[in-house]
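Coordinate inspection notes
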Amino acid sequence: MIPTMFTSTFHFFDGPRRVYAAAVVGTIASIAPTLGPVIGGWITDTLNWHWLFYVNLAPGIAVAILAALLIKIDAPDLKLLKDADYPGIGLMAVALGTLEYVLEEGSRWNWFDDATIRNCVWIAAIAGVLFVIRSLTFPRPVVDLRALTNRTFAVGCFLSFVTGIGIFATIYLTPLFLGYVRGFSAWQTGVAIFSTGAASLAGVPVYVFLAKKVDTRWLMMFGLALFGASMWSFSYITSDWSGGELLIPQVLRGFPQVFAVAPAVTLGLGSLPPERLKYASGLFNMMRNLGGAVGIAACSAILNARTNFHFDAIAYHLTPANLPMERMLTGLSSRYGAMPGSLDAGHLAALKQLWLLTYREASTLAFADAFRAIMLAFIIATPLVPLMRKVVAPKAPPADQH
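Residues numbered from 1 in each chain as written. Predicted model: local features only at pLDDT ≥ 70, side-chain atom pairs only at ≥ 80, totals over all residues. Heavy atoms only, no water.

**Thoughts on the pattern of salt bridges**
To be explicit about the condition: Any carboxyl oxygen of Asp or Glu that lies within 4 Å of a side-chain nitrogen of Lys or Arg is treated as forming a salt bridge with it. A helix here means a DSSP run of H or I that spans at least four residues, while a strand means a run of E at least two residues long, and both kinds are numbered starting from the N terminus. The classification of residues rests on relative accessible area computed with a 1.4 Å probe and restricted to protein chains. Under 20% of the type maximum is buried, over 50% is exposed, and intermediate values are partly exposed.
For the structure shown, the criterion picks out four salt bridges. Across the salt bridge formed by aspartate 369 and arginine 306, the nearest N and O atoms sit 2.9 Å from each other. Separated by 63 residues along the polypeptide, aspartate 369 in helix α15 (residues 343-381) and arginine 306 in helix α13 (residues 274-316) bring together distant segments of the chain. Judged by relative accessible area, which is 30%, arginine 306 ranks as partly exposed. Look at the salt bridges and you will find they share partners, linking Arg306, Asp369 and Arg372 into a network.

**Examining the packing of aromatic side chains**
Our working definition: Think of it this way: a Phe, Tyr or Trp ring, Trp meaning its six-membered ring, pairs with another when their centres are within 6.5 Å, and the plane angle makes it stacked under 30 degrees, edge-to-face over 60, tilted otherwise.
Per the counting criterion, the structure on display carries 11 aromatic pairs. With a centroid separation of 6.3 Å and an interplanar angle of 80 degrees, the aromatic rings of tryptophan 49 and phenylalanine 53 are classed as edge-to-face. Judged by relative accessible area, which is 49%, tryptophan 49 ranks as partly exposed. For phenylalanine 53, a relative accessible area of 56% gives the class exposed. Centre to centre, the rings of phenylalanine 234 and phenylalanine 371 are 4.6 Å apart; their planes meet at 15 degrees, and the pair counts as stacked.

Below is the structure:
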């Protein structure tokens, strides 16, 4: 659906209007996952999590019907079904499906120590190689990898990949921190991160105004750099952070999203002739989604490994020679062991509180490490923007062209 949306956008809008269309499309793609936790949090706390799926039924049916009735791009050609790249579709599904499983479940099962993970890696690698060969040899591939020979499009795909890491990984990390470290409910979490969506909306008119006057490549560099700066500000996170402390970092993350997403769409897809858009847009969108999957999986692995590392580092200093710790244990033991005959129970309760405190701080440090890793990706991506050529959008093809 999303590649079709990109192709439709470039079909209906040509020239300078593509800048505005790309801004709207990029903003919707960025804001929707940001507003999701707010609406989803309210639904979860008010009803239950099952309704997160039920609420999509009516809008989905309405959009499907209205799209079929109102959107006119070209006439259907059912003969194209006979020549579709069905082997390519199958290989892509197998490769990406098994890769997604490896990325999502790898850290849980200790990666290659698990036989299923090893088998899935082999399947993903073999299917991926066969998919690449198929895409390069079939005249009408489901994903046009030959478009990567266009330097602007190739760089745009990579920057879309990095942007996917940033957008989706931070959407994953921030609610996870608020839920597990701060103990927020689903609704409280949604409200706390709402500032990101508001900042994204505020960035749209600014981008549209500047895009008329400034090279969009400079705007994209600004967006990527500011997104990286927001990750740097997130890296100072502490276990006391809530909505107030998250406000500035989230504004710095939300405002530049349209600056990072829209130019990649305009420059990357705009560098291709119209007849290649319907194939190349699938690859472009896949890179952003793949970046999100890789980013979430990498952050999950970082949280798991670095939490253990920081826990051991903190525990190393929790010895009888640590006088503040001893005073805290003594006070907690006295409080929990106030009842006669419960001194041992009080001491155990105090040790449990010390363990929980240590784990909380170790988890917080691990979240900071994950944000720094995302920042590093944007530091690498930002200097690559000048490699993209400034393109002039071609005119839209005739309405009856397939």
